[in-house]
Amino acid sequence: MFGNRDELREQFLKAWHKARSGQPLEPLEAALAELIREHPEYHDLLANREQALSAEFSPEGGQGNPFLHLAMHLSIREQAGTDRPPGIRDIHRNLSARHGAMEAEHRMIECLGRALWEAQRAGRQPDEAAYLDCLRRLGGR
């Protein structure tokens, strides 16, 4: 989807700028702009391009990375839209019905983050079965 950190951030910034100025959006830009609209806590950061590009978000400082957070939302939505891994569409739908789409995705992001962290730590691909098990434990059966 994107290259390095700055390219990822540029995509979000460009989409948000275009959306706010009423310019036509490509499909990916529309998806990014929608995610940003749903996260008003990030609007100030994204309004300042230089700050957004240079900001460091360290877990040690207790700061979540808004770009990572938004990208994980996008990943969850893409997974649900394509039902990959198989079964995630129903899990997303069930959790959304129970908690609302945003809260469902926030819960799902925890499982996605865990799956990615474990895969990175082990130097392997994410374990889809373990990821789905985590999602099902959220009550998304």
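Residues numbered from 1 in each chain as written. Predicted model: local features only at pLDDT ≥ 70, side-chain atom pairs only at ≥ 80, totals over all residues. Heavy atoms only, no water.

What is the right way to look at the overall build of the protein in this model?
Within the protein, the regular secondary structure consists of eight helices and zero strands. Ordered by position from the N terminus, the helices and strands of the protein form the series α-α-α-α-α-α-α-α. Here the C-alpha atoms of the protein give a radius of gyration of 16 Å, agreeing with the 14 Å that 2.2 N^0.38 yields for 141 residues. Seen along its three principal axes, the alpha-carbon backbone of the protein occupies a region of about 40 × 30 × 25 Å. Put simply, the protein has 141 residues, and 36% of those count as buried. Taking contacts inside the protein between residues at least 6 apart in sequence as the whole, the part at least 24 apart equals 60%. Surface summary for the protein: the accessible area is close to 8300 Å², and the carbon and sulfur share equals 49%. Of the side-chain charges in the protein, 19 are positive and 22 negative, and the distance between the mean point of each set is 5 Å. (Helix = DSSP H or I, 4+ residues; strand = E, 2+ residues; numbered from the N terminus. Rg over C-alpha atoms; globule rule 2.2 N^0.38 Å. Buried < 20%, exposed > 50% of the residue type's maximum accessible area, 1.4 Å probe, protein only. Contact = heavy atoms within 4.5 Å. Areas by Shrake-Rupley, 256 points an atom, 1.4 Å probe, with all protein chains shown as cover. Lys, Arg positive; Asp, Glu negative; His and termini not counted. Charge placed at Lys NZ, Arg CZ, Asp CG, Glu CD.)

Please clarify how the side chain of H73 should be interpreted in this entry.
Following the sequence through the fold, H73 ends up in helix α5 (residues 66-82). Residue classification places H73 among the buried positions, given a relative accessible area of 0%. A polar contact is formed between the side chain of H73 and the side chain of H106, at a distance of 3.0 Å. Apart from the residues lying within four places of it in its own chain, the contact partners of H73 are L35, H39, M102, E105, H106 and I109. (Polar contact = N/O pair within 3.5 Å; in protein donor to acceptor, adjacent residues only side chain to side chain.)

Would you mind showing me how to read the packing of α5 against helix α7 (residues 101-122) here?
Geometrically, a packed helix pair is captured by the angle between its two axes and the distance between the axes. Closest axis-to-axis distance for the α5/α7 pair is 9 Å, and the angle between their directions is 100°. Taken together, the axes of α5 and α7 are roughly perpendicular relative to one another. Of α7, the residues touching α5 (which contributes H69, M72, H73, S75, I76, R77 and Q79) are M102, E105, H106, M108, I109, L112 and G113. (Axes fitted to C-alpha atoms, helices over the stretch in contact; angles between N-to-C directions. Parallel < 35°, antiparallel > 145°, perpendicular 65-115°, else oblique.)

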